[in-house]
Amino acid sequence: MRQFKRLLALTTAFAIMLTVLTVYAKNDKLNNTEDYEGAAASSESSLGYDSYISDSDKIPYGDEIILGTDKISAKGSDVEVSDDLQQSGVNGAILPDDGFISWNFSTDEKCIYAISVEYMAAEQSGGNLEFELLIDGATPFSEAKIISLPRTYIQESSSSENTSGNDIKPNVYEKQLWKTQYMSDSSGYVQTPFKFVFEKGNHTITFKGSRGKIAIHKVLLSAYSEPTSYSEYIARFDGDKKKLSVEPIILEGEKFQEKNSVTVLPTTDRSSSATYPQSASSLKLNAVGGSTWKNIGEALTWEFEIEEDGLYEISSRFMQETKDGIFTCRKLLIDGQLPFSEASSLRFDYGSGWQCEKFSSADGKALSFYLTKGKHTLTLEVVAGDVAEIVATVSDSLTELNKIYRQIVLITGTSPDKNRDYNFKNLIPDELQKMKEIHDSLQKSVDNINEQAGTNGSFVSIIQKIIFQLEKMTDNPRTIASYFSRFKSNLGSLGEWLLTATAQPLEIDRIYIMPSGSDLPKANAGFFRDFWFSLLCFASSYVTDYTSIGQNDKKDDGITVWIQTGRDQGEVLRDLIDSSFSKEY
């Protein structure tokens, strides 16, 4: 009996040892697999652009390098190289989704470059073209993971009405054009082209396709010239300040010629009788933008013709009533070029109605532009402007606050006792110091944005709540437990704020190009005109058939469709029928 028990004990011990060894072997294999996967993913940099470029101030630009098809060193099997891409007479290569193209080059010294690409959409589709940029087989910084290139869409100049007298949105089609664009931050946090650092020696640049087929003619590595200041720009024309005897040029917002996003659309405004064109009984397309023109990089282009060389001022009738307590920004390009640095971030202040203001510098001084006789283009592009700085600060602060939050949870759990002293002062002294630094940084950013906006609106309200809580918790660490639940909730709200903070909505009715020194047009009509327009709208409401959404005068050729949806959904369906189906069939 004793020998049987001894045998049973030995057998049990052997089984336990075998189990331990098996588990250890599996864990060791898993760790080795994780190490391998980590090594494979090491080419994806977690380094941010600011950290990447922080020590490059004294590094010179290198000599210009042009990378064409003759410099391609490697490419995917599905990459097409041609001397006549898309029958455009231009040579290059087509980068498909998940394909790649690599170019080899060398530098004689350590230097920096801005990188631009001459490209064209190889096929018509929706959404921006995107690819990943790799240097020597690795992503140099996290923002280079997605490089975005816009498409080009043309809006037809002719428009029509449906049988109810409502305007039908003009046709829009994609035009495949060769364009040149610098590699830049698609999120808008970094507002100048990326700079890339290269050590002395041989290098490889790789484009890895991720969205849309891209026709690439060449890649250019060059120095980026900072735009001149307005004072330097205007000094060149001191001797040409003659008084111009020309009439102001009026550009209707909804009659733009080109855009780079399909979502930017003409809109209807009936809030003011001064909006042109206007009707009390029908819906006219009389403005552009609003909530459809707010994302970073979205641009509209208008064409105009100048009769006489000289200095002109540009103004606009606009409405920005969405971003309470903050301005929205646009970059102005004349003939595709930035005239001076101040035009890179024009401000449109918050207001409750239509406004008319000249394009001005940050200090409110009207800007003049020298325009030569002939045809020109004017482009307004959505940029984050001065908001980018506070958004970047908040983004970095949120990352640090989430780390601090996790440290607090390790001590208190997810439901701390408000009456208990957790001795935070001794347990997390470094985190408390970091909270003070974040408090000061956020407060400085809020003060700066309020000073520039001239008001204290709801735009920064959630940041002010975080600042208040940080101040209370760092002044008296015993209160951390009592503030913990609200602190967690506000961190979530701050994350949601970041998702929409760079949105820059703006609605434009008209753009005026006038000789310098001209008086501004009035933004709104007088009392009696607005009153008369309101009476006409009221009277037309009695004769408008709201049960029918458009109808055909030719009764024999039309059909009656009953739908069980609201009027808004019906209007959308009617618009789709008018703008596409009816025109085609």
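This text follows the structure it describes.
Quick look at the side chain of Ser 316
Right, so step 1: Structurally, the position occupied by Ser 316 is in strand E22 (residues 310-319).
Right, so step 2: Since its relative accessible area comes to 0%, Ser 316 is described here as buried.

Side note on the sheet that holds strand E8 (residues 147-149)
Right, so step 1: Pairing in this open sheet of five strands is antiparallel, and the strands run E2-E5-E15-E7-E8 from one edge to the other. Looking at the sheet topology across the chains shown, the edges are occupied by strand E2 (72-75) and E8. On average, each strand axis in the sheet is inclined to that of its neighbour by 30 degrees, with strand direction left out of account.

Side note on the pairing of strand E6 (residues 111-121)
Right, so step 1: Burial runs high along E6: eleven of the eleven residues are buried.
Right, so step 2: Residues of E6 alternate between two faces, with Cys 111, Tyr 113, Ile 115, Val 117, Tyr 119 and Ala 121 on one and Ile 112, Ala 114, Ser 116, Glu 118 and Met 120 on the opposite face, all of them buried.
Right, so step 3: With eight bridges joining them, E6 and strand E16 (residues 214-222) adopt antiparallel strand pairing. Bridge pairing in E16 places Ser 116 opposite Leu 220.
Right, so step 4: As judged from the four bridges shared by E6 and strand E13 (residues 179-182), these two strands associate in the antiparallel manner. Counted as the bridge partner of Tyr 119 is Lys 179 from E13.

Some words on a nonpolar patch on the surface
Right, so step 1: Judged by side-chain polarity, Phe 527, Phe 528, Phe 531, Trp 532, Leu 535 and Leu 536 come together as a nonpolar surface patch covering roughly 710 Å² of accessible area.
Right, so step 2: Along the chain, Phe 531 falls in helix H9 (residues 527-540).

Some remarks on empty space enclosed by the protein
Right, so step 1: Tallying each qualifying case throughout the model produces one cavity of 30 Å³ or more.
Right, so step 2: Roughly 50 Å³ of internal volume is contained in the largest cavity.
Right, so step 3: Take the lining of the largest cavity: its biggest share by element is three residues, from E6.
Right, so step 4: Of the residues contributing to the lining of the largest cavity, the split by class is six nonpolar, two polar and four charged.

Quick notes on the environment of Ala 503
Right, so step 1: Along the chain, Ala 503 falls in the loop between helix H8 (480-500) and strand E28 (506-515).
Right, so step 2: The spatial distance from the C-alpha of Ala 503 to the C-alpha of Val 383 is 8.9 Å, given a sequence separation of 120 residues.
Right, so step 3: Setting aside residues no more than four positions away along its own chain, Ala 503 makes contact with Lys 294 and Lys 323.

Quick notes on the pattern of salt bridges
Right, so step 1: Evaluated as defined, the whole model comprises 14 salt bridges.
Right, so step 2: A salt bridge links Glu 381 to Lys 331; its shortest N-O distance comes to 3.9 Å. With Glu 381 in strand E27 (residues 374-383) and Lys 331 in strand E23 (residues 328-334), this residue pair connects regions lying 50 residues apart in the sequence.
Right, so step 3: On the basis of relative accessible area, Lys 331 is assigned to the partly exposed category, the value being 22%.

So, the side chain of Lys 358
Right, so step 1: Considering the arrangement of structural elements, one finds Lys 358 in strand E25 (residues 354-358).
Right, so step 2: In terms of polar contacts, Lys 358 uses its side chain to reach the side chain of Glu 313, at 2.7 Å.
Right, so step 3: Separated by 2.9 Å, the side chain of Lys 358 and the backbone oxygen of Ser 518 make a polar contact.
Right, so step 4: Not counting the four nearest positions on each side in its chain, Lys 358 is found in contact with Glu 313, Ile 314, Ser 315, Ala 366, Met 514, Gly 517, Ser 518 and Leu 520.

Some points on the sheet that holds strand E21 (residues 299-306)
Right, so step 1: Strand order across the open sheet formed by seven strands is E12-E9-E18-E21-E27-E23-E24, with antiparallel pairing between neighbours. The outermost strands of the open sheet, each flanked by one partner alone, are strand E12 (172-174) and strand E24 (346-348).
Right, so step 2: With six bridges joining them, E23 and E27 adopt antiparallel strand pairing. Residue pairing for E27: Leu 332 is matched across the bridge by Leu 380.

Let's talk about the environment of Lys 58
Right, so step 1: Counting through the fold element by element, Lys 58 comes out in the loop between helix H2 (49-53) and strand E1 (65-67).
Right, so step 2: On the accessibility criterion, Lys 58 (83% relative accessible area) is exposed.
Right, so step 3: Measuring from C-alpha to C-alpha, the distance between Lys 58 and Cys 111 comes to 9.4 Å, with 53 residues separating the pair along the chain.

Procedures and definitions
- Residues numbered from 1 in each chain as written.
- Predicted model: local features only at pLDDT ≥ 70, side-chain atom pairs only at ≥ 80, totals over all residues.
- Heavy atoms only, no water.
- Helix = DSSP H or I, 4+ residues; strand = E, 2+ residues; numbered from the N terminus.
- Buried < 20%, exposed > 50% of the residue type's maximum accessible area, 1.4 Å probe, protein only.
- Pairing = 2+ DSSP bridges.
- Axes fitted to C-alpha atoms, helices over the stretch in contact; angles between N-to-C directions.
- Patch = residues over 30% accessible without salt bridge, like charges linked within 9 Å, V, L, I, M, F, W, Y side chains within 5 Å.
- Areas by Shrake-Rupley, 256 points an atom, 1.4 Å probe, with all protein chains shown as cover.
- Salt bridge = Lys/Arg side-chain N within 4 Å of Asp/Glu carboxyl O.
- 1 Å grid on protein atoms, 1.4 Å probe; cavity = no way out; pocket = protein on both sides within 12 Å on 5 of 7 lines; lining within 4 Å.
- Points joined across faces, edges and corners; volume = space filled by probe spheres on them.
- Nonpolar A, V, L, I, M, F, W, Y, C, P; charged D, E, K, R; others polar.
- Contact = heavy atoms within 4.5 Å.
- Polar contact = N/O pair within 3.5 Å; in protein donor to acceptor, adjacent residues only side chain to side chain.

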